[in-house]
Amino acid sequence: MTNKKDIHLYTASTMNGWKPVIFLEEAGVEYELTYIDFSKKEQKSNWYLKLNPNGRIPTIVDRGNNNFVVFESGAILWYLAEKYGKFLPANADDKSRALQWLMFQMAGVGPMMGQAMYFQRIAAKQGEVHPFAIKRYVDESRRLFEVLNTHLEGRKYLVGDNYTIADMATYPWARAYYWAKVSVEGLPNLQEWFDRIDDREATQRALEIPKPFWEFFGKGDIEAFEAANAERFKSDVRK
Ligand SMILES: N[C@@H](CCC(=O)N[C@@H](CS)C(=O)NCC(=O)O)C(=O)O
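Residues numbered from 1 in each chain as written. Predicted model: local features only at pLDDT ≥ 70, side-chain atom pairs only at ≥ 80, totals over all residues. Heavy atoms only, no water.

Caption draft 1: Main features of the overall build of the chain. Of the regular secondary structure elements, the chain holds ten helices and four strands. If you list the helices and strands of the chain from N to C, you get β-α-β-α-β-β-α-α-α-α-α-α-α-α. Computed over the C-alpha atoms, the radius of gyration of the chain is 18 Å, within 12% of the 18 Å expected from 2.2 N^0.38 for a compact globule of 239 residues. Its C-alpha atoms give the chain principal-axis dimensions of about 55 × 45 × 30 Å. Scored against the burial criterion, the 239 residues of the chain give a buried share of 52%. Contacts in the chain between residues at least 24 apart in sequence constitute 69% of all its contacts with a sequence separation of at least 6. With an accessible surface of roughly 11600 Å², the chain has 50% of that area assigned to carbon and sulfur atoms. Across the chain, the mean location of the 32 positive side-chain charges is 5 Å away from that of the 32 negative side-chain charges. (Helix = DSSP H or I, 4+ residues; strand = E, 2+ residues; numbered from the N terminus. Rg over C-alpha atoms; globule rule 2.2 N^0.38 Å. Buried < 20%, exposed > 50% of the residue type's maximum accessible area, 1.4 Å probe, protein only. Contact = heavy atoms within 4.5 Å. Areas by Shrake-Rupley, 256 points an atom, 1.4 Å probe, with all protein chains shown as cover. Lys, Arg positive; Asp, Glu negative; His and termini not counted. Charge placed at Lys NZ, Arg CZ, Asp CG, Glu CD.)

Encoded structure:
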């Protein structure tokens, strides 16, 4: 039995930050949201570090479960899927398949694309230009896209016909290929999967919560957004 607004979500508008928002919007669950402002370093504040020792977003607190705290976006999706009985197949094999692709995103697509973005969109803007690192992360991201493209042949979603937490985790990252400067040319199954999820009203609504950052997806004033984004993470470039 769950209460209204059990879930208190702490997040910001980023690829990891959108994952639980996508789940909650798709599931039609009411939740409370606290926006974590990176420009004020709220993610490193003492009160937040007590919830998330990694000092990153997202985090959830489940008031319906003794204020149980979950950090790490993949673990959050898994927790929510179990709590609400949605977006994770009941069948054991399909459940394992969904978790395999969730792990593939958490350990592969996210970290590789994150570094491709970081070296091109943040470090380079601070004068740290490292072509070898950029090539490594862009190439590895593209290789992972090719794995997804091959897997999606004949499949609507990553685990057959049903949208699962594996899609919710992978979509905000892979769909931001523009921001990571990774090509999706010649990957028709991946592009059709993007189109399918682009048509999901709840997922698209989630990408505007807490704020829309369509620049990640190639729309809007890219230069201004890139400069502001690089500024937010300036102190992360260690000399
Ligand atoms: N593995 C973590 C990564 C979380 C993460 O890197 N979050 C980023 C936003 S996408 C963040 O909080 N960045 C702020 C910072 O590094 O200070 C997860 O999936 O939850």
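Caption draft 2: Up close: empty space enclosed by the protein. This model, assessed by the stated rule, comprises one cavity of 30 Å³ or more. When its volume is computed, the largest cavity comes out at roughly 40 Å³. A12, S13, Y35, I36, F38, F213 and R232 are the residues that line the largest cavity. Class assignment of the residues belonging to the lining of the largest cavity gives a composition of five nonpolar, one polar and one charged. (1 Å grid on protein atoms, 1.4 Å probe; cavity = no way out; pocket = protein on both sides within 12 Å on 5 of 7 lines; lining within 4 Å. Points joined across faces, edges and corners; volume = space filled by probe spheres on them. Nonpolar A, V, L, I, M, F, W, Y, C, P; charged D, E, K, R; others polar.)

Caption draft 3: Looking closely at the sheet that holds strand 3 (residues 59–62). Reading across the sheet, the four strands line up as 2-1-3-4 and stay open at both edges, with mixed pairing between neighbours. Either end of the sheet is taken by a strand with one partner, and the two such strands are strand 2 (31–35) and strand 4 (68–71). Between one strand axis and the next, the sheet turns by 20 degrees as a mean value, whatever way the strands run. Here strand 3 pairs with strand 4 via four bridges, running antiparallel. (Pairing = 2+ DSSP bridges. Axes fitted to C-alpha atoms, helices over the stretch in contact; angles between N-to-C directions.)

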